[in-house]
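The primary structure of each chain is shown beneath.
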Amino acid sequence: MEVRNCRGCGRLFNYLQGQPLCPGCLAELEEKFQEVKEYLRVHPKAPLNEIAETNEVSVKQIKQWVREERLAFTEESQITLECEACGARVLSGRFCNNCRSHLQNELSGAMKRPTATVAPKKNGSTKDRMRFLDN
Ligand SMILES: [Zn+2]
Ligand SMILES: [Zn+2]
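So, a few notes on the structure that sits alongside this text. (Residues numbered from 1 in each chain as written. Chains lettered and ligands numbered in written order. Predicted model: local features only at pLDDT ≥ 70, side-chain atom pairs only at ≥ 80, totals over all residues. Heavy atoms only, no water.)

Okay, the coordination of the zinc ion (ligand 2) next. Coordination sphere of the zinc ion (ligand 2), protein contribution only: C83 (SG), C86 (SG), C96 (SG) and C99 (SG), at 2.3 Å. For the zinc ion (ligand 2), the 4 donor atoms are set out with angles of 104 to 116 degrees between them, so the coordination reads as tetrahedral. We note that the donor set of the zinc ion (ligand 2) lies within a single chain, spaced as C-x2-C-x9-C-x2-C. Here C86, found in the loop between β3 (81-82) and β4 (89-90), pairs with C96, found in the loop between β4 and α4 (97-110); they are 10 residues apart in sequence, far enough to count as distant. Owing to a relative accessible area of 48%, C86 belongs among the partly exposed residues under this scheme. (Donors = N, O, S within 2.8 Å, 3.2 Å for Na, K, Ca; no water. Tetrahedral: all angles 85-135°; square planar, octahedral: opposite > 155°, others 65-115°. Helix = DSSP H or I, 4+ residues; strand = E, 2+ residues; numbered from the N terminus. Buried < 20%, exposed > 50% of the residue type's maximum accessible area, 1.4 Å probe, protein only.)

Right under this line is the structure:
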């Protein structure tokens, strides 16, 4: 096990994975996340620095949540993040839809899987994602 200093409060803690934060700070951050998510729901057009100031979260942190696809901006939002591959506007995640499908093609190509037997996707996954975005 690895012992690290918490990036939030500086205390030593047993580091497992993810962000270098102790369980206490991690719980606080999770609360912040819920606040920001709710704020975005009520103020979908709020600029990034306003969200950050109002909720006392860093702009960097908010962007990270978006990159992790935990937060998603809406079409009417002023906020833009760029696709890490081509620079197009993305509302959530690291890549635009185009690059995402390119990457997926490359991945499946690299694995050399036979493409003939692609089972039709049953409802589940997209529905779940919609529910996540609606929250
Ligand atoms: Zn801490
Ligand atoms: Zn792209």
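Taken together, the protein donors to the zinc ion (ligand 1) comprise C6 (SG), C9 (SG), C22 (SG) and C25 (SG), at separations of 2.3 Å. What the 4 donor atoms of the zinc ion (ligand 1) show is an angle range of 102 to 115 degrees at the metal, which sorts the shape as tetrahedral.

With that out of the way, let us pick up the packing of helix α1 (residues 23-42) against helix α2 (residues 48-55). Between α1 and α2, the shortest axis-to-axis distance is 10 Å and the interhelical angle comes to 135 degrees. When the axes of α1 and α2 are compared, the pair comes out oblique. Both α1 and α2 take part in a crossing whose hand is right-handed. On α2, the residues that touch K32, E35, V36, Y39 and L40 of α1 are E50, I51, T54 and N55. Among the residues forming the contact of α1 with α2, the class breakdown is 4 nonpolar, 2 polar and 3 charged. (Axes fitted to C-alpha atoms, helices over the stretch in contact; angles between N-to-C directions. Parallel < 35°, antiparallel > 145°, perpendicular 65-115°, else oblique. Left-handed = near helix turned anticlockwise from the far one by under 90°. Contact = heavy atoms within 4.5 Å. Nonpolar A, V, L, I, M, F, W, Y, C, P; charged D, E, K, R; others polar.)

Attention now moves to unusual backbone geometry. One non-glycine residue, E56, adopts positive backbone phi at about 55 degrees. Relative to the assigned elements, E56 resides in the loop between α2 and α3 (59-67). Its relative accessible area of 65% is what places E56 among the exposed residues. Within the chain, E69 stands out as a residue other than glycine whose phi angle is a positive 65 degrees. Along the polypeptide, E69 turns up in the loop between α3 and β3.

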